[in-house]
Amino acid sequence: MLEALEHTTIVNLGGLLIGLLFGAVGQRSGFCLTRGLQRCFQAGDGRKLRSFVLAMVTALVGTQLLASFGLVDLSRSLYLGAEFSWLLVPLGGVLFGYGMVMANGCGARATVLLGSGNLRAFVVLTCLGVAAFMALTGVFAQWRLAVADLTSMRLALGAGLDAWLASAGLPGWLARWLMVAVLAVPLVAFVLADRRFFRQSRGDWVAGVLIGLLVPAGWWVTGYLGADDFDPVAVVSLTFVAPIGDSIQYLMLASGTDLGFGVTVVAGILLGSLPSALLSGTFRLEGFSHPLRMLRYMGGGALMGIGGALALGCSIGQGITGLSTLALPSLFAAAGIVLGAFLALRGPTRLPPI
Amino acid sequence: MPQKRWNDHLMSRRAVLRHGANGLLAGAALWALPSVAWGRQAWERLDETRAIVDGRTPTGRGITLDLPSVSEDGASVRLTVSVDSPMSSDDYVEAIHLYALGNPSPPIATFRLTPRAGKAEITTRVRLNESQTVVALAEMSDGSVRVAEQRPRVTVSGCLIREETYGNGSDDTLPEPRVRMPRRLAAGEPGEIITLLNHPMETGLREDADGETIPQRIIERFRAELDGETVIDAELARSLAADPYIRFYFRAEEEGELYLLWQEDSGATAESRQSVSPG
């Protein structure tokens, strides 16, 4: 049956399926980096953060397995480009992290929330998508490109951390798994540091593993099923800043635009979250109680959009998907996101309560 | 000098605005401007397209030009042109011409077809320097002309990874072309074929890192023959994207051989022979 379909259709269906799973799992578990960091920095409760970290580790190992079997050529992905801006990537991460706390959740979380009736998330998503495209191709695009050009850094060995080890004379497979271990061991140690996590927060760790698995699934869909000799689709996996903007654009220009993986993932999340919320009785229409809160969410959405465009990805796009390719810039972006969230939660720059 | 003509057109707009300083007049002029712009079709701006039309009155019916509304990468934009035609021996499309009016060198390609094509539909990839009008002209065997125009938008995105696909030292050989024959081919029915040749289509307008102009080097001709009978004969120009991709149709009644030929402006050629067995 699959042979009768165009490879782009198969990729889009794969994206839809991945989105549906993400939406359902995200809705049931409340998987969210923002909440994880918030509870960790403010209340010392690391369960939600451990769930996110578990997703990072799962995605990393799964993705590297795919790559080591030669099923997906990760070097064709955006993250492993040899050039990146040493300024914009971490700075964008900081902006994204700060905005994420202002809007009380990242873009993926807002999409899940919108599916369960949270209309505040609609405001966040609209601002995020428009702001992202303002920075990517719109009124700020020339400035972004000019600054990116001035601060561009060329990685002679490529962006992959394993390539650095390999250049020291290690065989490729050893370099790959050594680097995976260097990243994964401290993360796993952090997850295991709380003995109660696996016993008491079953929902959280199951969600972390499932969402982590969706990242290699995404690589496989675009990089394996989408690998056509003549029209290969872009090798991508879960990421949300540009896709949310693309989704808004697709709604407006569908007759002249090709449907892509990112847009079907976003649509899938909405469609997966809705029945999950309805079935579990948690669907509820919610809006803003105060105009100031609305202003803050709008600002948060805009910061996430611009920050995500500068950093080439969001908390999931860089923090989970980007890192799963062992790309050095993703490490900078992820560190920037955590720093931005920290600034918004603690210290003199923290957001005042409304 | 199409560029100049276009500028003249803009100047006259400004003149209209200047002379219409009187509020009412200015309002009337502004109201009239769009209809002036629409009344003149884009193909009338370019000498080459006017020469093809050659005094005939083109119709916009029976031809479709399809491009994405927005492209983030103007270096390679998918373009499909299709013309309604039975492609029979007495009623077929003789040629399809493509022009990108806003490019430094507007010609994209001319595809000369025969009834052997079976279906007048071609997909390729083009270069678009900026948002602009793309024109497709179809010359029919009965002497009529059809025209389609689209205004695709091209934005910047900057995150383009562009690998050199063809930078090897051996300059007088072309790489092996890639060809995908139709999965199933019914006798007498048009079957779709996709071809691709890795080639930079160097425009001669680009400079290298030292500021030296990189000389032009393009595939200028592509031909497909079924048992010696021409299916398609294309002249390719600088506005065709790198790695020329051509998707077209051919119609076979019986077993035979499809012969494909690519020719570089240096004279170098690449060819491919595919057996055809309709069943």
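What counts and what doesn't
Residues numbered from 1 in each chain as written. Chains lettered and ligands numbered in written order. Predicted model: local features only at pLDDT ≥ 70, side-chain atom pairs only at ≥ 80, totals over all residues. Heavy atoms only, no water. Helix = DSSP H or I, 4+ residues; strand = E, 2+ residues; numbered from the N terminus. Rg over C-alpha atoms; globule rule 2.2 N^0.38 Å. Buried < 20%, exposed > 50% of the residue type's maximum accessible area, 1.4 Å probe, protein only. Contact = heavy atoms within 4.5 Å. Areas by Shrake-Rupley, 256 points an atom, 1.4 Å probe, with all protein chains shown as cover. Buried area = accessible area lost by both parts, 1.4 Å probe. Salt bridge = Lys/Arg side-chain N within 4 Å of Asp/Glu carboxyl O. Axes fitted to C-alpha atoms, helices over the stretch in contact; angles between N-to-C directions. Left-handed = near helix turned anticlockwise from the far one by under 90°. Nonpolar A, V, L, I, M, F, W, Y, C, P; charged D, E, K, R; others polar. Pairing = 2+ DSSP bridges. Phe/Tyr/Trp six-rings, centres within 6.5 Å; stacked < 30°, edge-to-face > 60°. Lys NZ or Arg CZ within 6 Å of the ring centre and 35° of its normal. UniProt positions renumbered as here; feature names shortened; annotations may be inferred. pLDDT = per-residue confidence, 0-100. Disulfide = S-S within 2.5 Å.

A. The arrangement of the overall build of chain A in detail. Scanning chain A for helices and strands turns up 16 helices and 2 strands. Relative to the 2.2 N^0.38 estimate, which gives 20 Å for 354 residues, the radius of gyration of chain A is 19 Å and therefore close to what a compact globule would have. When its C-alpha atoms are laid out on the principal axes, chain A stretches across 60 × 50 × 45 Å. Residue burial in chain A is summarised as follows: out of 354 residues, 52% are buried. Sequence-distant contacts in chain A: of pairs separated by 6 or more residues, those separated by 24 or more amount to 80%. Looking at chain A as shown, the accessible area adds up to about 15400 Å², and 68% of this sits on carbon and sulfur atoms.

B. Expanded view of the interface of chain A and chain B. Tallying the contact residues gives 20 residues for chain A and 23 residues for chain B. Taken as a group, Thr137, Phe230 and Gly256 of chain A account for 36% of the area that chain A buries against chain B, more than any other trio of residues on that side. Inspection of the region where chain A meets chain B yields 4 salt bridges. Of the charged contacts in the structure, one is a salt bridge between Arg78 of chain B and Asp258 of chain A, with a shortest N-O distance of 2.7 Å.

C. Representation of the packing of helix H6 (residues 120-136) of chain A against helix H14 (residues 291-311) of chain A within the structure. Residues and elements named next belong to chain A. Interhelical geometry of H6 versus H14 gives an angle of 35 degrees and a closest axis separation of 7 Å. Taken as a pair, H6 and H14 cross one another with a handedness that is right-handed. On H14, the residues touching Arg120, Val123, Val124, Cys127, Leu128, Ala131, Ala132, Ala135 and Leu136 of H6 are Met294, Tyr297, Met298, Gly301, Ala302, Met304, Gly305, Ile306 and Ala309. By residue class, the composition of the contact of H6 with H14 is 15 nonpolar, 2 polar and 1 charged.

D. Structural detail: the sheet that holds strand S15 (residues 256-264) of chain B. Residues and elements named next belong to chain B. The 8 strands lie next to each other as S8-S7-S4-S5-S13-S12-S15-S16, forming an open sheet whose pairing is antiparallel. The open sheet terminates on both sides in strands that have one partner only, identified here as strand S8 (145-150) and strand S16 (269-276). Going across the sheet, the axis of each strand differs from the next one's by a mean of 10 degrees, ignoring polarity. With 6 bridges connecting them, strand S7 (residues 134-140) and S8 associate as antiparallel partners. Across the sheet, residue Leu137 finds its bridge partner in S8, namely Val147.

E. Main features of the environment of Ser105 of chain B. All names here are of chain B. Considering the arrangement of structural elements, one finds Ser105 in the loop between strand S4 (93-100) and strand S5 (107-113). In this structure Ser105 comes out as buried when scored by relative accessible area, which is 11%. Those residues in contact with Ser105, other than ones at most four positions away along the chain, are Arg238 and Ser239.

F. Expanded view of the pattern of salt bridges. Residue and element names in this part refer to chain A. Applying the stated rule across the entire model yields 24 salt bridges over all chains. Note that Glu286 is salt-bridged to Arg120, the shortest N-O span being 3.0 Å. Of this pair, Glu286 sits in the loop between helix H13 (261-279) and H14 while Arg120 sits in helix H6, and the two are 166 residues apart along the sequence. The exposure class assigned to Arg120 is buried, which follows from its relative accessible area of 16%.

G. Expanded view of the packing of aromatic side chains. Under the criterion given, the structure shown has 12 aromatic pairs over all chains. Between Phe222 of chain B and Phe248 of chain B, the aromatic rings sit 5.8 Å apart at their centres with planes inclined by 70 degrees, giving edge-to-face as the arrangement. Taken together, the positions of Phe222 of chain B in strand S12 (residues 219-226) and Phe248 of chain B in strand S14 (residues 245-251) put the pair 26 residues apart, joining distant regions of the chain. Looking at Phe248 of chain B, the relative accessible area reads 2%, which means it is buried. Connected via pairs of aromatic rings, a cluster forms that spans Phe197, Phe198 and Trp205 of chain A. Over the ring of Phe190 of chain A we find Arg50 of chain A; its NZ or CZ atom is 4.4 Å from the centre of that ring.

H. Representation of the UniProt feature "domain: Sulphur oxidation protein SoxZ" (unreviewed entry) in chain B. The UniProt record annotates "domain: Sulphur oxidation protein SoxZ" (unreviewed entry) at residues 182-273 of chain B. Overall, residues 182-273 of chain B shows 0% helix and 48% strand. The separation of its end C-alpha atoms is 14 Å.

I. Structural detail: the confidence of the model for chain A. Averaged over every residue, the pLDDT of chain A is 95; residues scoring 70 or more account for 99%. Looking over chain A, one finds the lowest element-wise mean pLDDT in helix H10 (residues 196-200) of chain A, namely 87, and the highest in H13 of chain A, namely 98.

J. Quick look at the state of the cysteines. Residue and element names in this part refer to chain A. Counted according to the given criterion, the structure contains 0 disulfides over all chains. Looking at the unpaired Cys32, the closest cysteine sulfur is the one in Cys106, lying at 5.8 Å. Under the relative-accessibility criterion, Cys32 is labelled buried at 4%. According to the relative accessible area criterion, Cys106 is buried, its value standing at 4%.

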